[in-house]
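Report on the structure
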Amino acid sequence: MRSFQIQDNLGFMKKLLTEDTFDTFLLSEASITTFASFQIDGAFHPEYLGTAEAETLGAESSGYTLWRRVRPFFFDLTKGKNTPLKFRIIFRLAPHNVERLIAQSGSDIRAEQVDGLFLNIHFDGKTIACVSGVSMNIFTLNKTLEHAWDEMLEKFFRREQIPFLL
């Protein structure tokens with residue numbers, strides 16, 4: 001687990017809410033407090049879609065919706081002259097990317113043993129922190145995947161030019 005303290009809140013919020021930077025992440029859950037508190041469950045409901053669209057789900061077949069579907073609604077909740085009092089977003093890596101990271105890391109962990117690789121974003125009204133997390137379906141002392149996930153996120157932030165402190 002690694003904590004990334006974001007150094008440019010406005011730049012980060014632009015990437016989070018108006019650009020496609022985080023669009024391939026699955027949304028596990030989110031909450032935001034503005035004039036009221038709003039809770040968003042990231043559970044994906046394919047029955048809402050037409051048959052043709054439901055057949056091309058890709059990552060959403062995992063049961064979670066992509067951030068790109070929720071982003072415009074979350075952005076609408078942040079609009080206005082006042083900054084949100086707080087928010088929290090929990091992203092999870094899509095299953096096919098979990099498998100790819102396992103292979104790249106050389107870990108002997110199997111994809112079905114991983115419950116999720118998470119990126120927790122928390123805004124407390126002043127600062128933004130992004131914390132990595134790994135949830136396993138088994139007990140293991142092997143931290144290879146956890147370290148690979150931390151390194152992947154660090155590379156992601158650097159590639160996307162998101163300044164941070166560890």
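Quantities reported herein were computed from a predicted structural model and do not represent experimental measurements. (Residues numbered from 1 in each chain as written. Predicted model: local features only at pLDDT ≥ 70, side-chain atom pairs only at ≥ 80, totals over all residues. Heavy atoms only, no water.)

1. Structural notes on the overall build of the protein chain
In terms of helices and strands, the protein chain carries five helices and eight strands. In the protein chain, the order of α-helices and β-strands from amino to carboxyl end is β-α-β-β-α-β-α-β-α-β-β-α-β. Taking 2.2 N^0.38 as the reference for a compact globule, 166 residues should give roughly 15 Å; the C-alpha atoms of the protein chain span a radius of gyration of 16 Å, in line with that estimate. Reported as C-alpha extents along the three principal axes, the dimensions of the protein chain are approximately 50 × 45 × 25 Å. Counting only residues that meet the buried cut, the protein chain has 42% of its 166 residues in that class. The long-range share in the protein chain, meaning contacts at least 24 apart out of those at least 6 apart in sequence, stands at 70%. Just so you have it, the protein chain exposes about 9,500 Å², and 52% of that area is on carbon and sulfur atoms. Of the side chains in the protein chain, 18 bear a positive and 21 a negative charge, and the two mean positions are spaced by 6 Å. (Helix = DSSP H or I, 4+ residues; strand = E, 2+ residues; numbered from the N terminus. Rg over C-alpha atoms; globule rule 2.2 N^0.38 Å. Buried < 20%, exposed > 50% of the residue type's maximum accessible area, 1.4 Å probe, protein only. Contact = heavy atoms within 4.5 Å. Areas by Shrake-Rupley, 256 points an atom, 1.4 Å probe, with all protein chains shown as cover. Lys, Arg positive; Asp, Glu negative; His and termini not counted. Charge placed at Lys NZ, Arg CZ, Asp CG, Glu CD.)

2. A few points about the packing of aromatic side chains
This model, assessed by the stated rule, comprises 15 aromatic pairs. Where phenylalanine 22 meets phenylalanine 91, the ring centres are 5.8 Å apart and the plane angle is 20 degrees; that geometry is what we call stacked. Highlighted residues: phenylalanine 22 in the loop between helix H1 (9-17) and strand E2 (26-33) and phenylalanine 91 in strand E5 (residues 86-92), separated in sequence by 69 residues. As far as burial versus exposure is concerned, phenylalanine 22 and phenylalanine 91 are alike and both buried. Taken together, Phe4, Phe12, Phe22, Phe25, Trp67, Phe74, Phe87, Phe91, Phe123, Phe156, Phe157 and Phe164 form an aromatic cluster joined through their ring pairs. (Phe/Tyr/Trp six-rings, centres within 6.5 Å; stacked < 30°, edge-to-face > 60°.)

3. Notes on the pattern of salt bridges
Using the criterion set out here, one finds eleven salt bridges in the structure. Residue glutamate 60 pairs with arginine 69 through a salt bridge whose shortest N-O separation is 2.6 Å. Salt-bridge contacts for arginine 159 lead to glutamate 160; the nearest nitrogen and oxygen are separated by 3.4 Å. Three or more residues are tied together by salt bridges with common partners; here these are Arg2, Glu154 and Arg158. (Salt bridge = Lys/Arg side-chain N within 4 Å of Asp/Glu carboxyl O.)

4. Observations regarding the pairing of strand E7 (residues 128-136)
Strand direction decides the pairing type here: strand E1 (residues 3-6) and E7, joined by three bridges, are antiparallel. When the sheet's bridge partners are listed, glutamine 5 is paired in E7 with alanine 129. Sheet analysis places strand E6 (residues 114-123) next to E7, joined by nine bridges and oriented antiparallel. Considered in E7, the bridge of asparagine 120 is made with valine 131. Counting the residues in the hairpin turn of E6 and E7 gives four residues, including glycine 125, whose phi is positive at 105 degrees. (Pairing = 2+ DSSP bridges.)

5. Observations concerning the nonpolar core
Within the largest apolar cluster, 37 residues are counted, with the highest numbers of intra-cluster contacts made by Phe12, Leu16 and Phe22. Residue contributions to this core peak at six residues, all from helix H5 (residues 144-159). Beyond its immediate sequence surroundings of up to four residues, leucine 16 is in contact with Phe22, Trp67, Arg71, Phe87, Ile89, Phe91 and Ile121. (Core = buried A, V, L, I, M, F, W, Y, C linked by side-chain atoms within 4.5 Å.)

6. Quick look at the pairing of E5
Counting buried positions over the seven residues of E5 gives five, a clear majority of the element. Two strands pair when backbone bridges link them, and E5 and E6 are joined in this way by six bridges, in the antiparallel orientation. Bridge assignment links arginine 92 to a residue of E6, and that residue is phenylalanine 118.

7. So, H1
Taken residue by residue, H1 has Phe12, Met13, Lys15, Leu16 and Leu17 as its buried positions. Residues of H1 that are buried sit in contact with E1, helix H3 (67-78), E5, E6, E7 and H5.

8. A look at the side chain of serine 107
Tracing the backbone through its elements, the reader meets serine 107 in the loop between helix H4 (95-105) and E6. You can call serine 107 buried: its relative accessible area is 13%. At a separation of 3.1 Å, a polar atom in the side chain of serine 107 contacts the main-chain amide nitrogen of isoleucine 109. (Polar contact = N/O pair within 3.5 Å; in protein donor to acceptor, adjacent residues only side chain to side chain.)

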